[in-house]
Each structure stands twice: as C-alpha cells, then as structure tokens.
Protein chains: 2
Amino acid sequence: MSPPRERADAARNRAAVLEAAAVLFRERGVEAVSMDAVAAAAGVGKGTLFRRFGDKAGLATALLDEQERDLQEAILFGPAPLGPGPPGTKVTSQERLRAFVEAYLDHLLGHLDLVRVSETAAPGARYRIGAYRFWHRHVALLLAGRADPVADAHLLLAALAAEHVAAVRVELGDERLRGSLRGLVDALTS
Amino acid sequence: MSPPRERADAARNRAAVLEAAAVLFRERGVEAVSMDAVAAAAGVGKGTLFRRFGDKAGLATALLDEQERDLQEAILFGPAPLGPGPPGTKVTSQERLRAFVEAYLDHLLGHLDLVRVSETAAPGARYRIGAYRFWHRHVALLLAGRADPVADAHLLLAALAAEHVAAVRVELGDERLRGSLRGLVDALTS
DNA sequence: GGCATAAACGGACTATAGTCCACCTAATCC
DNA sequence: GGATTAGGTGGACTATAGTCCGTTTATGCC
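Residues numbered from 1 in each chain as written. Chains lettered and ligands numbered in written order. Predicted model: local features only at pLDDT ≥ 70, side-chain atom pairs only at ≥ 80, totals over all residues.

Enquirer: It is not clear to me how the overall build of chain A should be interpreted in this structure. Could you clarify?
Expert: Per the secondary structure count, chain A includes ten helices and zero strands. Starting at the N terminus, the α and β elements of chain A follow one another as α-α-α-α-α-α-α-α-α-α. Seen through its principal axes, chain A has C-alpha atoms that stretch 55 × 50 × 25 Å. The 190 residues of chain A split such that 32% are buried. The long-range share in chain A, meaning contacts at least 24 apart out of those at least 6 apart in sequence, stands at 60%. (Helix = DSSP H or I, 4+ residues; strand = E, 2+ residues; numbered from the N terminus. Buried ≥ 20, exposed ≤ 12 C-beta atoms within 10 Å, placed from the backbone. Contact = placed C-beta atoms within 7 Å.)

Enquirer: Can you walk me through the protein's contact with DNA strand D in this structure?
Expert: DNA strand D sits among 24 residues. The nearest are Gly-45 and Gly-47 of chain A together with Ala-8, Gly-47 and Asp-55 of chain B. Per-element tally for the surface near DNA strand D: the top contributor is helix α3 (residues 46-53) of chain A, with four residues. Partitioned by chemical class, the residues of the surface near DNA strand D number eight nonpolar, six polar and ten charged. (Near = placed C-beta within 6 Å. Nonpolar A, V, L, I, M, F, W, Y, C, P; charged D, E, K, R; others polar.)

Enquirer: Where do I start with the environment of Ala-122 of chain B in this structure?
Expert: Residue and element names in this part refer to chain B. For Ala-122, the location among the structural elements is in the loop between α6 (112-120) and α7 (125-128). Classification of Ala-122 by C-beta neighbours within 10 Å gives partly exposed; the count is 14. C-alpha of Ala-122 to C-alpha of Ala-40: the two residues are 82 residues apart in sequence and 23 Å apart in space. Aside from chain neighbours lying at most four places away, what touches Ala-122 is Asp-55 and Ala-57.

Enquirer: I would appreciate a short explanation of the protein's contact with DNA strand C in the present structure.
Expert: By nearness alone, 27 residues border DNA strand C, and Ala-8, Gly-47 and Asp-55 of chain A together with Gly-45 and Gly-47 of chain B come closest of all. Those elements giving two or more residues to the surface near DNA strand C turn out to be α1 (8-28), α2 (35-42) and α3 of chain A together with α1 (8-28) and α3 (46-53) of chain B. Ranked by the residues each element gives to the surface near DNA strand C, the list is headed by α3 of chain B, at five residues. Tallied by class, the residues present in the surface near DNA strand C amount to eight nonpolar, six polar and 13 charged.

Enquirer: Help me understand the domain arrangement of chain A in this model?
Expert: Accessible area lost during the coming together of the parts is what is often quoted as the interface size. Residues and elements named next belong to chain A. Considered domain by domain, chain A is made up of domain 1 (1-54) and domain 2 (57-189). With centres defined by C-alpha atoms, the gap from domain 1 to domain 2 works out at 27 Å. Listed per partner, the contact involves nine residues of domain 1 and eight residues of domain 2. The dominant element in the side of domain 1 that touches domain 2, judged by the number of residues it contributes, is α1, at four residues. Class assignment for the residues of the side of domain 1 that touches domain 2 results in six nonpolar, two polar and one charged. (Domains from an automatic or database assignment.)

Enquirer: Even after reading the chapter, I still don't get the relation of the copies chain B and chain A, so can you show me in this structure?
Expert: One copy of the chain maps onto the second through a rotation around an axis plus a translation along that axis. For the pair chain B and chain A, the best superposition has an RMSD of 0.0 Å and corresponds to a rotation of 180° with a translation of 0.0 Å parallel to the axis. This pairing of chains is accounted for by a two-fold axis. (Least-squares fit on C-alpha atoms with pLDDT ≥ 70 in both.)

Enquirer: Help me understand the interface of chain B and chain A, please; the structure alone is not making it clear to me.
Expert: Taken together, the contact pairs 26 residues of chain B with 26 residues of chain A. Among the elements of the structure, α6, α9 (149-158) and α10 (162-189) of chain B are those that each provide at least two residues to the side of chain B that touches chain A. In terms of residue count, the dominant contributor to the side of chain B that touches chain A is α10 of chain B (13 residues). Taken together, the residues of the side of chain B that touches chain A break down into 15 nonpolar, seven polar and four charged.

In structure tokens:
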C-alpha cells in the first residue's frame, strides 16, 4: 500500500488558501471576511475551499494548527514547568498546571478571534477538534489527585473557552482574568 | 407623559409568534426551525418577527423569560436554601450556592436546546442578556469570601454555559457533570 | 365620525454559508 | 506516449439570516 500522496494541484491550492486567509484575516479581522472572499483571493472556487476545510471553523483550525503544535510540543517534551523537563526533573502537578494555564492563555489571547471562530462556527465544534482532546488529556493527567479528573479537566477548560475569555476580558481586563484562573487552579490542586 | 401602551395589533402578533415558535420548537427541535417558518406559522411577516425579537437568540430568550423569572423569584424571595428564606433564617453561602447550581442545572437541562440557541446565536450574546447578569450578581454575592468574587462568579458560570454542558453531558452523563460542579462549588467556598 | 400621526406591518431584497455535480487533470501503468 | 482513473476543481444553486422601506392601521384628539 503506497501512501496516496496529495496531488500537486491540491497542495498548491491548499497553500494558496491558507496564505490568502491569513492575509485577509489580518487585514480585515476574522469575522469580517467571507468564505467567498477567501476563495476569490486564493484564486480558487468555493467548492474547493469547502471540500478541503469543511467550513469556516475548519479553516481557522487549520491556520491555528502550526502554533498549537508548538505549544503541544513544549507540553510533551519541553522544559519544566510547562513540559516534564529532562528525566529526573522534580516538578509538581500544580506547577505544571499553572504553567499550562499561563501558556494557553498567552496563546489564546494572541489569536483570540481565530480561536473563537474555530470554536463557535458549528455547535459543539470546540469539543470535537483534536486540540481540545489534547488539552483535556493533559489537564486530566495533572488533576490525577481529584475524584474525577476527566470531569474536572472539562471544567477548567470551560473557563478557557474563547467565547468566555473574550467576554470576561472586556469586563475585567487580562490581569483579573489571569488571577481568577490561577485561583481556580489552586482550588483544584489544593 | 402617559406611558405609550403597546398597540393591540402588536400585542396580538407578539403572542402569536411566541405561541407558534413554542409549538414548532417542540415539534421539530429548535435548530431545525427557520425564522421564515416561525413567521409563516404565526401568520406574520418576517419584518415583524425580526423587528420584535431582533434575531433567533432574542426569540429564544423571550421564550425562556417566563421560566427564568420563576427561578429568579425563588432565588430572591423563596425558601432556603435556594432563596434566603424568611427573616432570621440561617443558611450558609455554600449551601445557597449549591442549591443555585442544582436549580440552574435543572432549568438548563430542561431547556438545553433553547438556552443554547439563546446563548450562541450571536457572538457574546450570552453575556449581554439580562439573565446572565442576574445569575452573575447572585453568584458573586455568594462568593463574597473570595479574593475576586466578580471574576470567580464568571468562572463558575463558564462551567454552566449551555454549549459546555451540552458537550460534557454527552461524554460523562448528567451525574458526573453534577458531581464535578458540586466539586467546583466546594473548591470555591472552602 | 373624521383626521393626524406615530407605530407597526410584511414581503421583496441582500448577503453569506454551505451543497452539488458535470467536467478536468495529475499520477500511474502498460 | 497514450489510456485509465481516482481525486480535485469551480461555479451555479439552495437555504437561511437579517435589512429596508413603502404601505397599512391603531389610537388619541377635535
């Protein structure tokens, strides 16, 4: 079974779409850009755009993919406290969880509109994409001491939903937002 | 300044729309009903429907209004632990918060699709509607012991967002969902 | 009752997401 | 290099949310 490679025209168009979308989103804001506009700017038909990315959330997810990979890498293999550090490193779950929340918030606040679209375009979209599963698994592992780490991990991630963070940020500002999340981590790992 | 009363035709149409919407939503599910269908069933033009309710979220909010009023009444004036009870009643903030979360979950799970639409139709819709403000104020008062009750109240309500509850419920079931929320309340009021 | 007016009405209109399918082409095999 | 074909392409099409504005009507006043 030779792995069926991606066809050259497909690869070209995928790159063109991502490039065009990145530019348009930066110039006009994610919300204000229609899928028609992205297709036109990429020199591609609507059908191609949707076949490849499914919907606007899929396009946003694809654009976020690279940055999220970096963060995921750092969590799995990077230095403590975000990552596990080299073998023998001493770091508590609480420290790692705090570091995760900080890092995730940095990531989120840096791409808030994009994440928001990727999470809210379709109902339940957030919970189906691979990234959520990754964050959830990581947090659940760090909450191993709790009665129901899986449920509690969802709870913590609810407070990190783009929609929620966007709304609360406007009212309270970044600092109080960060503070309350630190408080939550502490409350869950005390 | 005599208060300008609602015109008779307006009142009639408002009632017709709410009635028609309630029936259609029950029969076909909230998601599957278009605004056109609601307007047609109510014997009303699209313009009238949108003028009055703004958008689909507004319509859902109007439908929820009555039930939410009951809950709000019970919180403000009803018997303990959900309400304050008669003067002199002894009830802790933790007890009242637990009761609120239980009662709100009952309400939410009973109208999940409707609440979901009311919260997610427009970006940030959830945080602007009056009901959210009410729940937030109530929770913040009960969290008076915390360093930042306002921020922490948003945190707790994030875990009660319809989108979140709908997704987690499917994975964990109602019991574990309730359990994790009880755990959060305890963690925030310890 | 007739009139003035502000409010409400409703359907045509626009914009956008997302689907569908007839056609095209890159890769493969001989 | 020509035939084969899986997969890709793109634009016409549908469905729906939401807007606009000319027309209608309830209401208060004379």
